[in-house]
Amino acid sequence: RGFASWPPRRGSTRALPSGACEMAPWCRRALALAPLLLPPSCVSALTVASSAQTVEGSKAASAQNAARASSAVFEGADALERAAAHQVLRNRLASTRSHLKDIELRIEDYTNAVEMGVKRDAGWTKQTVEELQGRLAKPTKKVKLALVSVQSDLNDHRHALNSGVASDIQKAISAGEASLSSASDVLRAMDGDDSARALKQLSVIRSALDAFDKTLVDIAPQ
């Protein structure tokens, strides 16, 4: 009696249950009569096998879910580490750039008149050179210390950085070091009243500032 409602009689328009596939009539009859024709031990074995297959499928699904969850945790940890590295280096680079900008502005106080064509002859004297040298002492020292800190932070966090970003930071450090040499060359040029040379060295400092600006954009928060 329990099988009277399925499969439907020939000519019946009853819809298939959800997920069911259309079978040949003899196949449907065989499936329906299997519990009646097979010995109890065979039915029990089939039931155990079916249950075991279900358990194995459940274990596999659980393992896949656990793997996805573990992957998500690692990806989240990597993102946090990368963000922290960017923040540390961004602060260091911004501080270094600020001191380097101070050097540029203090030099420009003595070179603007020549660079803008207000004067043909700068008229620098030994007193002028000594005065600028004193004004550059503090920001120059700060840039030196800041560059050491940036290099140290880069070494510590390089593994968490994109290779392109790490390369740009290294280039900014090199440009900053070159700008310190240029600041000293500006003083020597002023001592020789060589305005063209002084302006050339000033352009090196400006290029270093551009390198810092590019790097700060690269590691800006998205």
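What you see is a predicted model; the values in this text were computed from it and never measured.

Reading guide: rules and limits
- Residues numbered from 1 in each chain as written.
- Predicted model: local features only at pLDDT ≥ 70, side-chain atom pairs only at ≥ 80, totals over all residues.
- Heavy atoms only, no water.
- Helix = DSSP H or I, 4+ residues; strand = E, 2+ residues; numbered from the N terminus.
- Expected span 1.5 Å × (residues − 1).
- Polar contact = N/O pair within 3.5 Å; in protein donor to acceptor, adjacent residues only side chain to side chain.
- Contact = heavy atoms within 4.5 Å.
- Salt bridge = Lys/Arg side-chain N within 4 Å of Asp/Glu carboxyl O.
- Buried < 20%, exposed > 50% of the residue type's maximum accessible area, 1.4 Å probe, protein only.

A. Layout of helix α4 (residues 163-191). Compared with an ideal rise of 1.5 Å per residue, which puts 29 residues at 42 Å, α4 spans 43 Å between its outermost C-alpha atoms and is within 8% of the ideal. The N-capping residue of α4, defined by a side-chain oxygen 2.7 Å from the backbone nitrogen of Gly164, is Asn162. Backbone geometry just after α4 places Asp193 at a positive phi near 55°.

B. Up close: the environment of Leu154. Turning to its location among the elements, Leu154 is positioned in helix α3 (residues 126-157). When the C-alpha positions of Leu154 and Val88 are compared, they lie 9.3 Å apart, and in sequence the two are 66 residues distant. Not counting residues up to four positions away in its chain, the partners in contact with Leu154 are Leu89, Leu161, Ala166, Ile169, Gln170 and Ile173.

C. Region of interest: the pattern of salt bridges. Going through the model one piece at a time under the given rule, you end up with 12 salt bridges. Salt-bridge contacts for Asp213 lead to Arg97; the nearest nitrogen and oxygen are separated by 2.4 Å. You can see Asp213 sitting in helix α5 (residues 195-218) and its partner Arg97 sitting in helix α2 (residues 40-115), a full 116 residues away along the chain. Its relative accessible area of 22% is what places Arg97 among the partly exposed residues.

D. The side chain of Ser179, seen in detail. On the secondary structure map, Ser179 appears in helix α4. Owing to a relative accessible area of 1%, Ser179 belongs among the buried residues under this scheme. Setting aside its immediate chain neighbours within four residues, Ser179 contacts Leu100, Ile205 and Ala208.

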